[in-house]
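Structural description and commentary
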Amino acid sequence: MNLPETGFPMRAGLVTNEPASLERWAKAGLYEKLRRQRSDAPKFAFHDGPPYANGSIHLGHLTNKCLKDFVVRSQGLLGKDCPFVPGWDCHGLPIEHKVMGELIKSKKIKELEGLDAWERRARVRAECEQYARTYVELQSSQMVRLLTLADYAHPYLTIQPEFEKAVAEVLADLCARGLVYRALKPVHWSIANETALAEAELEYMDREDTSVFVDFEAADKEKVYDAFGISDADRPGQTPSFMIWTTTPWTLPANLALAVGAKFTYALARIDGNLTVVAEALLERVAKAAKAEDVHVLATTSGASLVGLKYRHPFLDTTPTGQECSDACWTVYDAEYVTLEDGTGLVHTAPGHGAEDYETGKRVGLPIYCPVLGNGVYDDSTPEWLRGQSIWKANDAITERLRHSGHLFHSEVFTHSYPHDWRSKTPVIFRCTEQWFVAIDGKYSIDGDEPRSLRERALWSVDASNPESVHFVPAWARNRLRGMLESRPDWCISRQRAWGLPIPAFHTEDGTAVMTPSLVRHMAEVFGVHGSDAWFTKSAAELLKGWDPASDADLPEALKGLDKATLRKGEDILDVWFESGATWNAVMRRRLGVFPVELYLEGSDQHRGWFQSSLACALGSVGVPPYKAVVTHGFMVDKDGQKLSKSRGDTIEALFTKYGSDVLRWWVASLSYENDAKVDDEFFNIAGEAYRKVRNTLRFMLGNLGDFDAAEMVDLKAIPGTSIDAWALEQFEELSRDVLAAYERYEFRVAHARLYAFCNDTLSAVYLAAIKDRLYCDPKDAPRRRRTQSVLHHVTDGLCRLLAPILPHTADEAYRALRRVPDEDVQASVHLEAALGATGVRADARWPRVMDMRDKALAAIEQARGPADKGGLGIDNPLDAGVSLPSSDGILDGFDPVDLADLLGVSLVSVSPGGAEVVVTDRRSEQRCERSWKRDGTVRPRSDGGLLSDRDAEALGLS
RNA sequence: GGGCUUGUAGCUCAGUUGGUCAGAGCGCACCGCUGAUAACGGUGAGGUCACAGGUUCGAAUCCUGUCAGGCCCA
């Protein structure tokens, strides 16, 4: 008897054995070795999007990191060279915020307060860098433990000088295209610290404010009456007003427009004598608030018919454009954000003091007017009675003024939740500041092509009718990206922080910003050599050594003679999205020398993030999208499909030790990743079960190859097509084709399902069951046994390779077990292999029909198991049965009856050429071979006294 | 509130351009094997295809709306 024997254990012990594999791969230098080995192979350029270097890896990263590794390893399997440089996003507010918090907590902040602004920033940056590097280390080790294959020895970090240089290069390109401009934009502003604040730096606290209902007199009363359809005879002589409600009276000096909702209904009403326009639905509440007694509606009309009407400002005579409401200012517009929640349904709009107001202002062409200085007082553009006054005090002054001039309908004090500066705990305001923008609609031309804007180029690059368009998986991702591109406003790329890449702009003494392409290119070189810290430690003159204003063609004539020493460094840093948007340049184009890249693969949130920022940067810089294909995956949700709570569940380390990476990866491979995936412990357990099944199939095959040497391999393509070995081999080659095709299309779920089904159905249930008899009982060297082992070896080898992208540890373990590689030999690895090629074997074309007959026969055998009164024969063990198979039109001609019997698990099969039905017979009266347990009709006592069949007697050398 | 997206057996999912199936795996139940054994094999039960309308000779598959989720905005 040749029973299975293998060192490949049934129990995986992933918790200890995976780290051993990692160590082995590290010793062998697997990543570098693979690169060398594939140096002449076609390249597959795959680019890692940088996760943020903050915190530990969690479930959300699991899909992303596994899917990426599936790509890397499956491309290797397909014979490609797929270098993969992992990256981290290291700059940005979350880290700076965290670091500042720690500095405050540890009182170290006090040490910094005495320093000058640049020194202080440099110190904070040093802390931030340390913080980021700590998390890069942590995450990197976790990703390694997840068995992902990447150049972890040489990651890209957005804080590396060469990376910073590459980002600045892209910025220089955009400048050269004329896409970068400076303009006003409202931001959260802390008056106490005179600085812009980000969302994360706000604390919402209750605050008491005065809210006012203000009447804005119509500029042309007749037009208002027209809008309400009031006939000439019915028109009152009085001039009607538009009533607004605001909680920030101090922004009224900056009022430039009113907004209404086009689809709402507005009433022209007389409220205690006031003739005013208010949303119909809010009229009652407004009247009640002011305790008005006499309310009478004259007429109603839609918001749409109010659009375009003009009004007079309650206390200003001229707009900031110097005109008297003949321009775009002081007009009623339609805006989507108008609601009937509260107020009057007419919204006071000050583009310099609100985000939505700003958008409206941009849309209809209003100036972005902000009469408030950084320290919170009005500037000289305001009326004398406001000039130099603090806005908080002005609230009262303005309210009083309105009251006296009869514009104040009502005012009341009330408490609401209001944003405060997290450090000074003082209320924050919206204030316009100068920011850097990338123009989305500015046309430019590259290499003399037709001038088109970033938006046009981006839309075209994702347009399905463009033959060179980006490929999207899943297909709807195209629409999602397009929708966002269509509506996105200009990109604000500046931030008022320290932890980031400085925007290399300088300012002349009169405040003019200087940032020419060649100046930025010069600074790119400086960053490349000294890192961006140089911006904080060196003077403008030092930084600009080597840049000659006189020969800078883009510098206005007036500035050509400027003295570099008089320039002041800009204090803005770049939006981190700009940095990650330029990774293709730093990592792929400059470092690896490939552009554009084959594939970007990220979560669906990156439609707004990385996919878009990368596209904008590349189109502006090179004119070509950075990626040829984009794959997106969904998010992790809990068991019930709800958003995953941050505090939930296990740490990633706990998952490693509880299940092992191969099990986690097997689970990820099973996901339809384009949708959201539910996570739960139970699912990992299920994945573990499936993993064990695959493992056991491998183990059984390895066991039966324990005495087989690859040198004994028979010529596979010479195997007769009617043999079950040819069938199995062909099944494997079909599997291989399907799995490789699925890998090529990033359909890991399909590959996963095919592999699992092949192990269970094709192998475990059919082929392995059928060949057991010959493997166990044929003489060791019998041609039939060696032939089967040859196929088994080939299939095992091939299967390991196909599994390798998903189960890197287990596949390698099995691959090495198959070759009996000693532990100390670290070189052999399945991950260096490509998939097996086709052998050219041709299984008989009748096999599908033979398998159909097998199904029928199995059903008949199942039937025969039942007791006699249920039409059965009472046969429990299939080996107690014999089967006669019908072979109409010669379907079974040339097939070996022993193969057929093994395929059915019965003792004997006879072929009946004229038969029509499968006939099962009871063979329990026949002798049973002690060795093979078959009752094949040749069993008789042998010379040693045992009851054996002919085959088994021969195997034992008995007669 | 808007853009994109999901809702098919207890669970995870397949179901191409509307008309042979309402399918697979897991789980569950029952049975076999005991020379893959903390394994292996076989059989079976389970669904008004989220809900409500509509188009059609006919819809899980097309349209509209509702409900419940997800991502990103507002």
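Description of the structure in this document. Just so you know, these numbers come straight off a predicted model, no measurement behind them. (Residues numbered from 1 in each chain as written. Chains lettered and ligands numbered in written order. Predicted model: local features only at pLDDT ≥ 70, side-chain atom pairs only at ≥ 80, totals over all residues. Heavy atoms only, no water.)

What to know about the side chain of Asp209
One can find Asp209 in strand β6 (residues 202-217). For Asp209, a relative accessible area of 5% corresponds to the buried category. Discounting residues that sit within four places of it in the chain, Asp209 has contacts with Thr247, Asn395, Glu412, Val413, Phe414, His416 and Tyr418. (Helix = DSSP H or I, 4+ residues; strand = E, 2+ residues; numbered from the N terminus. Buried < 20%, exposed > 50% of the residue type's maximum accessible area, 1.4 Å probe, protein only. Contact = heavy atoms within 4.5 Å.)

Some points on the nonpolar core
Leu62, Tyr767, Leu799 and Leu885 are the most contacted members of the largest nonpolar core, which totals 137 residues. Element by element, the count of residues in this core is highest for helix α25 (residues 748-777), at 14 residues. Sequence-distant contacts of Leu62, defined by excluding residues within four places in its chain, comprise Leu146, Met636, Ile652, Leu664, Trp667, Val668 and Phe684. (Core = buried A, V, L, I, M, F, W, Y, C linked by side-chain atoms within 4.5 Å.)

Brief notes about unusual backbone geometry
The phi torsion of most residues other than glycine is negative, and most of the peptide bonds are trans. For the peptide bond that leads from Val473 to Pro474, omega is -5°, which places it in the cis range. Topologically, Pro474 is positioned in the loop between β18 (471-473) and α14 (477-487). With phi around 45°, Asp272 is a residue other than glycine that occupies positive phi space. Looking at where Asp272 falls in the secondary structure, it is placed in the loop between β9 (265-271) and β10 (274-279). Since its relative accessible area comes to 42%, Asp272 is described here as partly exposed. Even without being glycine, Lys425 reaches a positive phi, approximately 60°. The topology assignment puts Lys425 in the loop between β14 (408-421) and β15 (428-438).

Brief notes about the protein's contact with RNA strand B
Every one of the 40 residues lining RNA strand B counts as a neighbour, but Gly641, Asp676, Asn696, Arg749 and Tyr776 are closest to it. Backbone atoms, meaning sugar plus phosphate, form 78% of the atoms of RNA strand B positioned within 4 Å of the protein. The contact in question runs from a base oxygen of RNA strand B to an N or O atom on the side chain of Arg480, over 2.6 Å. For RNA strand B, a sugar or linking oxygen lies 3.4 Å from a polar atom in the backbone of Asp605. (Near = heavy atom within 4 Å. Polar contact = N/O pair within 3.5 Å; in protein donor to acceptor, adjacent residues only side chain to side chain.)

Examining the packing of helix α1 (residues 14-28) against helix α27 (residues 808-818)
At their nearest, the axes of α1 and α27 sit 10 Å apart, and the two run at 75° to each other. Between α1 and α27, the angle falls in the class roughly perpendicular. Contacts between α1 and α27 involve Leu14, Asn17, Glu18, Ser21, Arg24 and Trp25 from the former and Pro808, His809, Thr810, Asp812 and Arg816 from the latter. Of the residues assigned to the contact of α1 with α27, the class counts are three nonpolar, four polar and four charged. (Axes fitted to C-alpha atoms, helices over the stretch in contact; angles between N-to-C directions. Parallel < 35°, antiparallel > 145°, perpendicular 65-115°, else oblique. Nonpolar A, V, L, I, M, F, W, Y, C, P; charged D, E, K, R; others polar.)

Topic: helix α28 (residues 847-865)
Relative to the 27 Å expected for 19 residues at 1.5 Å per residue, α28 spans 27 Å between its end C-alpha atoms, a close match to the ideal helical length. Inspection of α28 places Trp847, Val850, Met851, Met853, Arg854, Ala857, Ala860, Ile861 and Ala864 among the buried residues, and these make up the whole buried set. In this fold, the buried residues of α28 make contact with α24 (724-744), α25, β29 (881-886), α29 (897-904) and β31 (919-922). (Expected span 1.5 Å × (residues − 1).)

Details of the sheet that holds strand β5 (residues 195-197)
Here four strands make up an open sheet; going across it, the order is β5-β4-β15-β19 and the pairing antiparallel. Because the sheet does not close on itself, it has two edges, and the strands there are β5 and β19 (491-492). As defined by bridge partners, strand β4 (residues 180-190) adjoins β5 across three bridges and the pair is classed as antiparallel. Bridge pairing links Trp189 to Ala196 in β5. (Pairing = 2+ DSSP bridges.)

Topic: the pairing of β4
Looking at chain direction, β4 and β15 are connected through eleven bridges and run antiparallel. What sits directly across from Val187, in β15, is Arg431. The antiparallel hairpin formed by β4 and β5 contains four residues in its connecting segment, where Glu194 sits at a positive phi of about 45°.

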